[in-house]
Amino acid sequence: MTLTSPESARADRVATRRTVLMCRPDFYTVSYRINPWMHPEDPTDTSVALAQWQTLHDLYASLGYAIELIDPEPGLPDMVYAANGGFTLDGIAYGARFQYPERGPEGPAYMRWFAEHGFEVREPVSVNEGEGDFLLVGDTILAGTGFRSDAGSHDELRRIFDREVLTLRLVNPSFYHLDTALAVLDPDPEHPAIAYLPSAFDPASLDLLEERYPGSVQVDDADAAVLGLNSFSDGRNVVIATRATGFEQSLRDRGFVPHGVDLSELLLGGGGVKCCTLELRR
Ligand code: ARG
């Protein structure tokens, strides 16, 4: 079943078992507006959000991932977007410090969880929204700035993790976190693979991406508009928004196995698959 596929296609995509942290959307709603996707005047349905989230959870379980859970807290409707809770690597958790006060208490809540679950916690000085803006590819941390995380947090990352940190500047308010504009498909340093939405980045960042990751998947506006890039990959299986059909085809062409999920209710808060997922690296 080999189709004509790009030169960069690899038939032998290998899955690595992931460990992820998730948070049930028990208190999910849209009661404030901190990104262009959010419309507090429109109704949301928490039971639909819960059912959709459960589908994602069960899909991860069927892919063999280890799933850990943090208790949701009343009054923190965005806590479901666990990716923003911090950034973990080498058993260290760099805590989040949220840009908007509505999400402020989530930072300490996640740090408490990290401390109780085997992580050495580093308290953040600069504003940063965790894995929403920081993505690990090989030994490099891609770090977003422009809307949420401050560039100062990139220096903190360098100091804490002793890894190369590449700063990428986001320019479109609809793609306000790096994980809405860029997906890591394969973090293996030998053959890293990413996908991104070119129009979400400033020219210098685009040059950097082209130089470092030539031949990457470039996603179009239609797929980006359903937060298609906000996906989670284990190196072989890529969990994406069902509606991101162009992205789905690009993934198949390159030997990945896409799995679609519908998180339409959580999209009303401006988040998708990746936002609901924080990778734990102990
Ligand atoms: N309503 C949340 C916010 O604007 C959505 C966060 C989405 N998370 C993500 N990792 N992109 O902060």
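First things first, this report covers the structure right here in the doc. (Residues numbered from 1 in each chain as written. Predicted model: local features only at pLDDT ≥ 70, side-chain atom pairs only at ≥ 80, totals over all residues. Heavy atoms only, no water.)

**Quick word on the sheet that holds strand 6 (residues 134–137)**
Part 1: Spatial ordering of the open sheet is given by 6-7-8, a layout of 3 strands whose pairing is mixed. Lying at the two open borders of the sheet, with one neighbouring strand each, are strand 6 and strand 8 (164–169). Taken over all neighbouring pairs, the strand axes of this sheet differ in orientation by 25° on average, direction set aside.
Part 2: One ladder, built from 6 bridges, connects strand 7 (residues 140–145) with strand 8; its direction is parallel. The partner of Ile141 across the bridge, within strand 8, is Val165.
Part 3: Packed on one face of the sheet, helix 5 (residues 203–212) meets strand 7 and strand 8 and runs near 135° to strand 8. (Pairing = 2+ DSSP bridges. Helix = DSSP H or I, 4+ residues; strand = E, 2+ residues; numbered from the N terminus. Axes fitted to C-alpha atoms, helices over the stretch in contact; angles between N-to-C directions. Contact = heavy atoms within 4.5 Å.)

**What about the pairing of strand 10 (residues 193–196)?**
Part 1: Where burial is concerned, the two faces of strand 10 agree: the one with Ala193 and Ala195 and the one with Ile194 and Tyr196 are both buried.
Part 2: Relative to strand 10, strand 9 (residues 182–186) runs antiparallel, the two sharing 4 bridges. Looking at strand 10, one finds that Asp186 is bridged to Ala193.
Part 3: Between strand 9 and strand 10, which follow one another and run antiparallel, lie 6 residues.
Part 4: Crossover handedness for the path strand 10 to helix 5 to strand 11 (residues 217–218): right-handed. (Buried < 20%, exposed > 50% of the residue type's maximum accessible area, 1.4 Å probe, protein only. Right-handed = clockwise from strand over helix to strand, strands pointing away.)

**Things to note about the sheet that holds strand 13 (residues 237–241)**
Part 1: Within the open sheet, the 3 strands sit side by side as 12-13-14. Their pairing is mixed. Two strands in the sheet have a free side with no partner beyond their single neighbour: strand 12 (232–233) and strand 14 (257–261).
Part 2: Of the pairings in the sheet, the one linking strand 12 to strand 13 comprises 2 bridges and is antiparallel in character. Note on strand 13: the bridge partner recorded for Phe232 is Val239.
Part 3: Set on the sheet, helix 1 (residues 46–62) makes contact with strand 12, strand 13 and strand 14; between it and strand 14 the angle comes to about 155°.

**Let's talk about the pattern of salt bridges**
Side-chain pairing between opposite charges can occur once the charged atoms of the two side chains come close.
Part 1: Under the criterion given, the structure shown has 17 salt bridges.
Part 2: Across the pair Glu279 and Arg18 runs a salt bridge whose closest N-O atoms are separated by 3.7 Å. Remark: Arg18 occurs in the segment before strand 1 (19–22) and Glu279 occurs in strand 15 (residues 278–279); sequence separation between them is 261 residues.
Part 3: In this structure Glu279 comes out as buried when scored by relative accessible area, which is 13%.
Part 4: Linking Glu131 and Lys274 is a salt bridge whose minimum nitrogen-to-oxygen distance equals 2.7 Å. (Salt bridge = Lys/Arg side-chain N within 4 Å of Asp/Glu carboxyl O.)

**Considerations on helix 1**
An α-helical turn contains 3.6 residues, so a residue and the one three or four places further along point in the same direction.
Part 1: Taking 1.5 Å as the rise per residue, helix 1 with 17 residues should run 24 Å; its terminal C-alpha atoms sit 24 Å apart, in good agreement.
Part 2: For helix 1, the complete set of buried residues consists of Ala49, Gln52, Trp53, Leu56, His57, Leu59 and Tyr60. Taken around the axis of helix 1, the buried residues stretch over an arc of 160°, which confines them to a single face.
Part 3: Within two residues after helix 1, Gly64 carries a phi angle of roughly 90°, on the positive side. (Expected span 1.5 Å × (residues − 1). Arc of directions from axis to C-beta.)

**Some words on the site of the ligand**
Part 1: Close to the ligand lie 17 residues; Asn35, Arg103, Asp179, Gly269 and Cys275 are nearest.
Part 2: Within the side chain of Arg103, one N or O atom sits 2.7 Å away from an oxygen atom of the ligand.
Part 3: Take Asp179: an N or O atom from its side chain is 2.7 Å from a nitrogen atom of the ligand.
Part 4: Isolated, the ligand exposes 350 Å² of accessible area, and the fraction of that covered by the protein chains is 100%.
Part 5: Class assignment for the residues of the shell around the ligand results in 6 nonpolar, 7 polar and 4 charged. (Near = heavy atom within 4 Å. Polar contact = N/O pair within 3.5 Å; in protein donor to acceptor, adjacent residues only side chain to side chain. Areas by Shrake-Rupley, 256 points an atom, 1.4 Å probe, with all protein chains shown as cover. Nonpolar A, V, L, I, M, F, W, Y, C, P; charged D, E, K, R; others polar.)

**Focus on the nonpolar core**
Part 1: By size, the foremost hydrophobic cluster in this structure holds 38 residues, and its most contacted members are Leu182, Leu185, Phe201 and Phe247.
Part 2: Looking at this core, the elements that each hand over two or more residues are strand 6, strand 8, helix 4 (178–181), strand 9, strand 10, helix 5, strand 13 and helix 7 (245–253).
Part 3: Residues Leu59, Phe232, Leu266 and Cys276 belong to the second largest nonpolar core, which totals 23 residues. (Core = buried A, V, L, I, M, F, W, Y, C linked by side-chain atoms within 4.5 Å.)

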